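# Fold and contact review
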Number of protein chains: 2
Amino acid sequence: MTKLFTSLLLLLGVILSQAQTLQSPDKNLSMNFSLTQNGVPVYELTYKNKTVIKSSTLGIETVDVPSFTEGFSLKDFKNNTFDETWQPVWGEQKNIRNNYNELAVTIQQKSVNNRFITIRFRLFNDGLGFRYEFPEQSNLTYFIIKEEKTQFALAGNHKAFWLPGDFDTQEYSTVTSKLSEVRSKMDAAVTPNASQQTFSPTGLQTPLMMKSDDGLYINIHEAALIDYSCLSLELDDDKMILNAFLTPDAVGNKGYMQASTQTPWRTIVVSDDARDILASKLILNLNEPTKYEDVSWIKPVKYVGVWWEMITGKSSWAYNDLTSVKLGEIDYSKTKASPKHAANTNHVKEYIDFASKHGFDAVLVEGWNEGWEDWFGKSKDYVFDFVTPYPDFDVKGLKEYAASKNVKMMMHHETSGSARNYERHMDNAYQFMVDNGYNSVKSGYVGDILPRGEYHYGQWMNNHYLYAITKAAEYKIMVNAHEAVRPTGLSRTYPNLIGNESARGTEYESFGGNNADHTTILPFTRLMGGPMDYTPGIFQTQIKEYNPENTSFVHTTLAKQLALYVTMYSPLQMAADLPETYNKHLDAFQFIKDVALDWDDSYILEAEPGDYITIARKAKGKNEWFVGGITDENKRMATVDFSFLPKGKTFEAIVYADAKDADYITNPQAYIIKKIKVTSKTKLKQSMATSGGFAISIK
Amino acid sequence: MTKLFTSLLLLLGVILSQAQTLQSPDKNLSMNFSLTQNGVPVYELTYKNKTVIKSSTLGIETVDVPSFTEGFSLKDFKNNTFDETWQPVWGEQKNIRNNYNELAVTIQQKSVNNRFITIRFRLFNDGLGFRYEFPEQSNLTYFIIKEEKTQFALAGNHKAFWLPGDFDTQEYSTVTSKLSEVRSKMDAAVTPNASQQTFSPTGLQTPLMMKSDDGLYINIHEAALIDYSCLSLELDDDKMILNAFLTPDAVGNKGYMQASTQTPWRTIVVSDDARDILASKLILNLNEPTKYEDVSWIKPVKYVGVWWEMITGKSSWAYNDLTSVKLGEIDYSKTKASPKHAANTNHVKEYIDFASKHGFDAVLVEGWNEGWEDWFGKSKDYVFDFVTPYPDFDVKGLKEYAASKNVKMMMHHETSGSARNYERHMDNAYQFMVDNGYNSVKSGYVGDILPRGEYHYGQWMNNHYLYAITKAAEYKIMVNAHEAVRPTGLSRTYPNLIGNESARGTEYESFGGNNADHTTILPFTRLMGGPMDYTPGIFQTQIKEYNPENTSFVHTTLAKQLALYVTMYSPLQMAADLPETYNKHLDAFQFIKDVALDWDDSYILEAEPGDYITIARKAKGKNEWFVGGITDENKRMATVDFSFLPKGKTFEAIVYADAKDADYITNPQAYIIKKIKVTSKTKLKQSMATSGGFAISIK
């Protein structure tokens, strides 16, 4: 009997060690998992029988215990199917379907006391997610990660839209090249930044967008980055393999783990239609539902702010030109305010008036608090206290004034990367916000991190960013974190994370300019993980009009600036230019006033990374639609298929478009506004200038 | 006219560049400052014409700006004399005289835009203090320290009482040797510790106590260690020069400075009478007066606690034997308590009863809060929350019980070195203390520091320790920080710092034992900077009586344990043994009950480092005196000169002494108690056993 049973088990073992195959609900995607002769876990992925990922190894190399890399045998596997529809607090669509087939493979290492881990694969119609899970067991509790050995072995020398891999910044211009050209183009791609640490001549960031010669669009990123270090990729340009490369900590380790635990999900979104990449909700679906019971205080925000005038150099954050200040020792009231200091009460009231008049939700003010004279690059620990205003900024008066105008104040917490200092002041800073009428905060981490040796994207700081978000939630505060780690869909779980920067934003239009194709790429890369506070709406494209010494110009037409409110999805949208400029273009400004921030549905009408994007969206709970179209440095004729409209009804659409002679270099501000009639059968041909665009509102 | 003026200046320059000499008020000490041919600042020090410090360089080597090491010329100098008497909140004497002659030399570097610094020397009758000051100036704001180049060039191959230099621990046994023997004895001296990082085969810690062949006692340490990294010394054993060696941070730098600023004081206490070293208040005098307006809440504390039973292995901190727990996820109420878990309500009540019965101020309880199962050595970030008790520890019930017995509870905050986690919970933790009747906290930093790469004694953590102290003061909480940086007299400024460990405490008597001469050295080394929570009073010298598996024994007689309450000055004193043991020796225990914690005056009657100490003290505001005498491994006959008593009056003294046949190895518990009459003319000869001692109370 025992013998028979053993034989059965052995037979079963043989069967179990065979490859496991998983198919997407629509059967277009197929994932295969197996173990090599040496017990190394490998997977491969195909889309409509085209290879997306060739056989690629999986595993975790460790510092202090035997590695999870080889010597595995199959312990068991479980299949599961999941299909639910959920509603985000805010988003591109009211209902999100989460539908996947799952394979959870548990593999064990006989030579390590049968220690086992589970690799969980979820295959959606739009791609694959997988992660490593470490169940607690007698010989697996704590361990330290040396490197994650996940591979993405590509099927060819794809065209890639890439940023240099960096532990501290993503504020690079995207390079579009063949993967084989990465190495030769790396040096030029690594432009200076306030804090940066590259790691390899073939290091790349995620989300990494690629297109294969046979027409597959492939996007690699991660989901649910919690208590782990951020994933980068190192390209083996001989074999065209992307190898996981985690952000190290101050002593070179890459993760401190306590079972039971798991890694973030590694995601591969894939389609033969670029529009599917933009429509994908795979990353959100791989995050957990929100942990907050009450989300009524979380609302999209349209705002203006005392900001662009500093970015251009017209105004200053600092109160004066001291080169060194010590908080608590300096008495600013005994120093003279610079005439360039913008965050003064009267000037802020002008912004409040403007915001109120035009129906904005909030006014951001930067440079309001003590410490801006020497905040950057000094490795200064106690750099801000987040509660002490400059003498010319009347917190209480502005609180009352804003309230009387039905406008919220938006707080600014620049930390200068001094994370300990921020945490020490965080409770006071958030309480100060509550006390003074601020319900959202733009936080910043410009410069090298303190504690020194840590990077922006390491486990230590990722833990900090989430700490800041969850603590903000205790105060019902929404967070827009700049220079924080790139988003990975965490806003599903923590919906008060309403924005991030984590890429080259509009500010660079004042620092020499963004490429004309920049915003045709960002939705395929940076936005895959969550919304960006891109701060569009710059109408004065010649920066020298604000600051004669600044020769930068905005590398778009004015109409394209409008289109970005639709093509760059975010629940947080700024009208970033100065009121004085908007007052000269109130007709075009009307679109920014009208455009919605939250949506019942979105329709990706046209898309090709690096070339063009056309998107239509239906405002949440309203019969209003907004369309945005953009192009790269080439003129283009877009086609807007209005079939998303209710059938059998005619609507009036206002079209904001490039004038015929518009050109992003020679004539960027030339726009036209026209009214047209549209129905669900309309297919509008709409021209765009070089780096141009158009916006349409239908009410 | 201009020419004449220039000539005058040149002449003045010649005069200024001559050496500057400073003398102590009693003229015994003489300090000489000069600049070498290369403009390197140097100093030398003599005591009664004997060389203490030979010509030694001064300077600071920097990372990012030109170093402050050479090319200096004299800019100006200022002399000053200071003499005041001040009253500490608590201390060895009611009045402390602060009397010094000061020389502030300002030197400039012509090649660095005339950048200047000031070196300030204060020469007291008992030694020298000096520091570097960096006034703010147009070309000196921020800088990073690579190394401090302060030298202490010794006049000979002194006998030294030394610990291996280490960035993380001082819990080593003191080695007594010639300086020339340091190198050969280093390996054996570096015994294992929970966290340790040595830096050199001739690295030494401060306070470093030395004795020259010609009879000078020399002690090198620092005062007012604030926002700077801790000083160690690297011995050049060819030239007998001690070179400053600062604790680095995670990236190897040694200090981040913002002018105007200064270093801590470097101190050299010197005398030809060892008693003067113990009597010195030089380090306190170099600290600033207290910053607290209200100090009424700061009081000396005599306490018992649920502690020694865990140290011996009789009991446990942990609730059970889980190997991995996650706070917030584990429900301890569903796990079984270990019978060894000592911090349970009933047992704590026994300690409260005992404390109340015998007039103790407080009861310490360790292991009361969730997380002790896996607290150590896991590099665990969220290791404790400092507010959640184990299910068997009734916080509210014990609050009420302790209050009804007129006893305070003493909190325990073990951080496991996870400093960020402690800071995140600090406000809640302190408020919890206020809410539950705790007014003092024993904090701990066992294990490697988080943020990883930082050391216990670096600037980052020194900043943290002071943050914890000042924040505690906001809640009127007294702090006793273990494994924190060694004290440097900061308790003058922050008198709620009532104790530190920062050395090998009594706990090591349960971990193999302390040397018989240990406590005859500590007052000359560790105690120079401030009081130690040494936790004496162990009557059961055989640890196996508590834990059969523990073969350690206490390396003193019982009588010596009593003497330590006088010889080891501290406003915080524990009766560390178990109530069950004290109940068997209530006659000897009476001394611990009687002994004062705060003093009008102290009299160092006899002292030789490594050999013996006899000290008498007068209780603050009372006509009570207490005497303690201890010896090393050798028997000794002490002489107690009672001339400190008021003249013309006879007092009854109770003498607690080693019995004739006492011996710290073979018969440590043999003591006698006798009453004698004494007057100010009495000179008592009192014998001590090997590693023995005696205590005397006069009421």
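The structure we're discussing is the one just above.
Below is a summary of the structure that appears in this document. In this text, all values refer to a predicted model and were calculated from it rather than measured experimentally.

Below, the discussion takes up the sheet that holds strand S19 (residues 255–258) of chain B. By way of backbone hydrogen bonds, the strands of a sheet pair with one another, either parallel or antiparallel. All names here are of chain B. One open sheet accounts for 3 strands, arranged S5-S10-S19; its pairing is antiparallel. Strands at the two margins of the open sheet, each flanked by one partner only, are strand S5 (60–62) and S19. Strand-to-strand twist across the sheet, computed as the mean angle between neighbouring axes with direction ignored, equals 50°. Here 3 bridges tie S5 to strand S10 (residues 142–148), and the two strands are oriented antiparallel to one another. Paired with Thr62 across the bridge in S10 is Ile145.

Let us now look at the pattern of salt bridges. Residues and elements named next belong to chain A. Evaluation of the coordinates by the stated rule reveals 66 salt bridges over all chains. With a shortest N-O distance of 2.9 Å, Lys48 and Asp272 are connected by a salt bridge. Here Asp272 lies in the loop between strand S21 (265–271) and helix H3 (274–279) and Lys48 lies in the loop between strand S3 (41–47) and strand S4 (50–57), a separation of 224 residues in the sequence.

What follows deals with the environment of A:Leu645. Residues and elements named next belong to chain A. Here Leu645 shows up in the loop between strand S32 (636–641) and strand S33 (651–658). By relative accessible area, Leu645 is classed as buried at 3%. Sequence spacing of Leu645 and Lys618 is 27 residues, and the spatial spacing of their C-alpha atoms is 8.9 Å. For Leu645, the residues in contact, after removing those within four places along its chain, are Trp625, Phe651, Val678, Thr679, Ser680 and Ile698.

Right, let's get into unusual backbone geometry. The omega angle of the peptide bond from A:Leu450 to A:Pro451 is 15°, so this bond is cis rather than trans. The backbone phi angle of A:Asn113 is positive, close to 55°, even though this residue is not glycine. Relative to the helices and strands, A:Asn113 is located in the loop between strand S7 (96–109) and strand S8 (115–124). One non-glycine residue, B:Phe386, lies in the positive phi region at around 70°. As for its placement among the helices and strands, B:Phe386 is situated in the loop between strand S23 (362–365) and helix H7 (395–404). Given a relative accessible area of 0%, B:Phe386 falls into the buried group.

All names here are of chain A. Reading across the sheet, the 8 strands line up as S1-S2-S3-S4-S11-S18-S17-S14 and stay open at both edges, with antiparallel pairing between neighbours. Every other strand in the sheet has two partners, leaving strand S1 (20–23) and strand S14 (203–205) as the edge strands with one partner each. Pairwise comparison of adjacent strand axes, ignoring direction, gives a mean angle of 25° for this sheet. Pairing analysis gives 7 bridges linking strand S2 (residues 29–35) to S3, with the strands arranged antiparallel. Across the sheet, Ser30 pairs through a bridge with Thr46, a residue of S3.

Moving on, we get to the relation of the copies chain B and chain A. Mapping chain B onto chain A is achieved by rotating through 180° and translating by 0.0 Å along the same axis, at an RMSD of 0.0 Å. The relationship between the two copies is best expressed as a two-fold rotation axis. Interface residue correspondence from chain B to chain A reaches 100%, placing this contact among same-surface, isologous pairings.

A few words on the interface of chain B and chain A. With 32 residues of chain B at the interface, the matching set in chain A holds 32 residues. Of all residues in chain B, B:Arg424, B:Arg452 and B:Trp460 give up the largest surface area on contact with chain A, accounting jointly for 26% of the area buried on that side. Run the count over chain B and chain A and you get 2 salt bridges. Linking chain B with chain A are 20 residue pairs in polar contact (both at pLDDT 80 or more), by the criterion used here. Those elements that provide at least two residues to the side of chain B that touches chain A are S19, helix H8 (419–435) and helix H9 (459–474) of chain B. Per element, the largest residue contribution to the side of chain B that touches chain A is 4 residues, and it comes from H9(B). Tallied by class, the residues present in the side of chain B that touches chain A amount to 10 nonpolar, 10 polar and 12 charged.

For helix H8 (residues 419–435) of chain A, with 17 residues, the first-to-last C-alpha span of 23 Å sits near the 24 Å given by 1.5 Å per residue. Where H8(A) bends most, at A:Met426, the angle is about 55°. Summarising burial for H8(A): 12 of the 17 residues are buried, a large majority. Of all the residues in H8(A), the buried ones are A:Ala419, A:Arg420, A:Asn421, A:Tyr422, A:Glu423, A:Arg424, A:His425, A:Met426, A:Ala429, A:Tyr430, A:Phe432 and A:Met433. Contacts made by the buried residues of H8(A) are with helix H7 (395–404), strand S24 (408–414), strand S25 (438–444) and helix H9 (459–474) of chain A together with H8 and H9 of chain B. A positive phi of about 80° marks A:Gly437, the residue just after H8(A).

Turning our eyes to something else, we now look at the pairing of strand S15 (residues 208–211) of chain A. A regular strand places its side chains on the two faces of the sheet in alternate fashion. Residues and elements named next belong to chain A. Pairing analysis gives 3 bridges linking strand S12 (residues 159–162) to S15, with the strands arranged antiparallel. Within S15, the position partnered with Phe161 by the bridge is Met209. Sheet analysis places S15 next to strand S16 (residues 217–223), joined by 4 bridges and oriented antiparallel. Across the sheet, Leu208 pairs through a bridge with Ile220, a residue of S16. In textbook terms, the turn of a hairpin is the stretch between consecutive antiparallel strands, and for S15 and S16 this stretch comprises 5 residues, one of which, Gly215, has a positive phi near 90°.

Using the criterion set out here, one finds 88 aromatic pairs over all chains in the structure. On the numbers, 6.2 Å between centres and 40° between planes, the contact of A:Tyr292 with A:Trp297 is tilted. The class for A:Tyr292 is buried, based on a relative accessible area of 15%. Where B:Tyr422 meets B:Tyr445, the ring centres are 6.4 Å apart and the plane angle is 70°; that geometry is what we call edge-to-face. With B:Tyr422 in helix H8 and B:Tyr445 in the loop between strand S25 (438–444) and H9, this pair connects stretches of sequence that are 23 residues apart. Like B:Tyr445, B:Tyr422 is buried. The structure contains a cluster of three or more aromatic residues connected by ring pairs, namely A:Trp317, A:Trp372, A:Trp375, A:Phe376, A:Phe384, A:Phe386, A:Tyr422, A:Tyr445 and A:Tyr465. Against the face of A:Phe245 rests A:Lys254, its NZ or CZ located 3.8 Å from the ring centre.

About the criteria used
Residues numbered from 1 in each chain as written. Chains lettered and ligands numbered in written order. Predicted model: local features only at pLDDT ≥ 70, side-chain atom pairs only at ≥ 80, totals over all residues. Heavy atoms only, no water. Pairing = 2+ DSSP bridges. Helix = DSSP H or I, 4+ residues; strand = E, 2+ residues; numbered from the N terminus. Axes fitted to C-alpha atoms, helices over the stretch in contact; angles between N-to-C directions. Salt bridge = Lys/Arg side-chain N within 4 Å of Asp/Glu carboxyl O. Buried < 20%, exposed > 50% of the residue type's maximum accessible area, 1.4 Å probe, protein only. Contact = heavy atoms within 4.5 Å. Least-squares fit on C-alpha atoms with pLDDT ≥ 70 in both. Buried area = accessible area lost by both parts, 1.4 Å probe. Polar contact = N/O pair within 3.5 Å; in protein donor to acceptor, adjacent residues only side chain to side chain. Nonpolar A, V, L, I, M, F, W, Y, C, P; charged D, E, K, R; others polar. Expected span 1.5 Å × (residues − 1). Bend = angle between axes of the 7 residues up to and from the residue. Phe/Tyr/Trp six-rings, centres within 6.5 Å; stacked < 30°, edge-to-face > 60°. Lys NZ or Arg CZ within 6 Å of the ring centre and 35° of its normal.

Taken by themselves, the reported measurements are silent on function.
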